[in-house]
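Single-letter residue listing:
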Amino acid sequence: MTIRAVAEDAYREAFGILVLSAAASVFSGVVLGGMERELAVVPGLLTLVPALLATRGSVYGSLGARLATGLHQGLVEPELGVPDERVQSAVAAAMLNGVVVSAVAAVVGFGIRRALDLPVAPLAALLVVALVAGVLSGAGLTLVVIVTVFVGFRRGLNPDALAGPVVTTTGDVVGIATMLAGARLAIAAGVV
Amino acid sequence: MPEEWSVRGIVAATFPLLVALTVVELWGGLVLDGSRAVLTRYPTLLTLVPGIIAVAGNLGSVLASRLSTAFHLGTLAFEPTDDALAGNAAATFALAVTLFPAVGAAAWLARYALGDVALAFATVVLIAAVSGLLLAVVAVAIATTATYAAFQLQLDPDDVVVPVVTTTCDVLGVVVFLGVVGAAV
């Protein structure tokens, strides 16, 4: 292929999903843009934003890829009612990863800000944000990933092509919205 | 390891990398938090943040994934004149030039709808466009270097390159964006 043909091919393949992901991210940006109060009351909250969003993407993107591979190999039945043991293990592992890594982000983020003498909310407040966001976004994204991948597969779509886009488009919105919920809970509970 | 479906097996295989990437992302978060004053004074810029990170990370990961595939197929040579390399790099620039100004425009319109006119439309689009151009350079450099390093170290580029490039582009997305904001506002 010539350079031009490769470039056109690559552009066409990536454009649609990048537009979708960018549009969803602007939507989550609107939620973040309205969080001035929470960001001021919970110092250090903004430090966690990229880490928590990236964790969602890697953990639930990888769950989707794993389920897609399992469907292709016939290891997994696309059954929404009673998920089989493999699906339960994959979901439990993803939730565990997602929640524990979020908590690690809160602890390490707190430690770094402390060590650098930067203003930071009590560790309990950042942990509440990380755990609430970790559990809620994990539940939401697990549901979205399983339903899309299974329903798509049953309708003859390639689950590999669905898993990534679904997580990139919903991950940021769900991630920021659940961080906001966690921050409000921490403020309401008086741990800040 | 798609056959390994135990909770312990999955967590053992993925947890260490997730923690390492989280620590790198926290660096981006610290940089972001360091500019909290300007970002909350102009919430349009705060609105732009997830879009900038998402597009920067996605550009890097799409390019890395395509270079990894070309590498597996044996159609990739690490030379500036290589079709796969130059073509994918050109597509990355074209995507950056199309998408970043659109993200800027969308963020401005969303804030305008909420009654926020603190920054001019042209300023926001220009900040997004300049950040995007610089980030395209960064994405090409990082994706090429990481694929080349995986090739030299005989690692499977699919396992290593995509998460590393996505994370690096996320963080540099924040750094470059705030640099441009600092120069423009």
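The present account deals with the structure reproduced in this document. The shown structure was predicted, so the numbers you read here are calculated from the model rather than taken from an experiment.

1. Digging into the overall build of chain A
Item 1. Counting secondary structure elements, chain A contains six helices and zero strands.
Item 2. The order of helices and strands in chain A, counted from the N terminus, is α-α-α-α-α-α.
Item 3. Overall, the C-alpha framework of chain A stretches about 55 × 45 × 25 Å when taken along its three principal axes.

2. Overview of the interface of chain B and chain A
Item 1. If you look at the interface, chain B gives 55 residues, while chain A gives 54 residues.
Item 2. When residues of the side of chain B that touches chain A are traced back to their parent elements, those giving at least two are α1 (7-34), α2 (36-41), α3 (43-73), α4 (83-113) and α6 (157-184) of chain B.
Item 3. At 17 residues, α1(B) tops the list of elements feeding residues into the side of chain B that touches chain A.
Item 4. Considering only residue class, the side of chain B that touches chain A consists of 36 nonpolar, 12 polar and seven charged.

3. Some details on unusual backbone geometry
Item 1. In this structure, D117(A) is a non-glycine residue whose phi angle is positive, near 65°.
Item 2. For Q154(B), which is not a glycine, the phi torsion comes out positive at approximately 55°.
Item 3. Mapped onto the elements of the fold, Q154(B) is located in the loop between α5 (121-152) and α6.

4. Focus on α1(B)
Item 1. With 28 residues, α1(B) should reach 40 Å at 1.5 Å per residue; the first-to-last C-alpha distance of 38 Å fits that figure.
Item 2. Residues I10(B), L18(B), L21(B), T22(B), E25(B), L26(B), G28(B), G29(B), L30(B), L32(B) and D33(B) constitute the buried set of α1(B).

5. Quick look at the environment of A186(A)
All names here are of chain A.
Item 1. Tracing the chain through its elements places A186 in helix α6 (residues 159-188).
Item 2. Since 25 C-beta atoms lie within 10 Å of it, A186 is described here as buried.
Item 3. Note: C-alpha distance between A186 and D9 (177 residues apart in sequence) is 48 Å.
Item 4. When near neighbours in sequence (up to four residues on either side) are disregarded, A186 contacts V42, A125, V128, V129, V191 and V192.

Parameters at a glance
- Residues numbered from 1 in each chain as written.
- Chains lettered and ligands numbered in written order.
- Predicted model: local features only at pLDDT ≥ 70, side-chain atom pairs only at ≥ 80, totals over all residues.
- Helix = DSSP H or I, 4+ residues; strand = E, 2+ residues; numbered from the N terminus.
- Contact = placed C-beta atoms within 7 Å.
- Nonpolar A, V, L, I, M, F, W, Y, C, P; charged D, E, K, R; others polar.
- Expected span 1.5 Å × (residues − 1).
- Buried ≥ 20, exposed ≤ 12 C-beta atoms within 10 Å, placed from the backbone.

Function cannot be inferred from these measures alone, as they are strictly geometric.
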